[in-house]
Amino acid sequence: MSQKKVALECTKCGARNYTITANPQRQERLELRKFCKHCGEYTTHRESR
């Protein structure tokens, strides 16, 4: 199986701060709490398409 790179986007400011490899067979979007260097705080980051 090949891994797919996805970008994580801050839900507060919209900046794409992180890229990760994720399994392409999952059904829902990834949603993680990460540090946003633009906002200066921990916010929810969602997979962007």
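Just above sits the structure.
Bear in mind that the values here come from a model prediction, so they are computed numbers and not experimental data.

Parameters at a glance
Residues numbered from 1 in each chain as written. Predicted model: local features only at pLDDT ≥ 70, side-chain atom pairs only at ≥ 80, totals over all residues. Heavy atoms only, no water. Salt bridge = Lys/Arg side-chain N within 4 Å of Asp/Glu carboxyl O. Helix = DSSP H or I, 4+ residues; strand = E, 2+ residues; numbered from the N terminus. Buried < 20%, exposed > 50% of the residue type's maximum accessible area, 1.4 Å probe, protein only.

Turning our attention to the pattern of salt bridges. Applying the stated criterion to the full structure yields four salt bridges. For Glu47, the salt bridge identified is with Arg26, shortest N-O distance 3.1 Å. Within this pair, whereas Glu47 is found in strand S4 (residues 41-48), its partner Arg26 is found in the loop between strand S2 (16-22) and strand S3 (31-36), the two being separated by 21 residues in sequence.

Further remarks concern the environment of Lys37. Locating Lys37 in the fold gives a position in the loop between S3 and S4. For Lys37, a relative accessible area of 66% puts it in the exposed group. Through-space distance from the C-alpha of Lys37 to that of Ala15 is 9.2 Å; in sequence the pair is 22 residues apart.

Positionally, Thr43 belongs in strand S4. Once the C-alpha coordinates of Thr43 and Leu30 are considered, the two residues, 13 residues apart in sequence, prove to be 14 Å apart.

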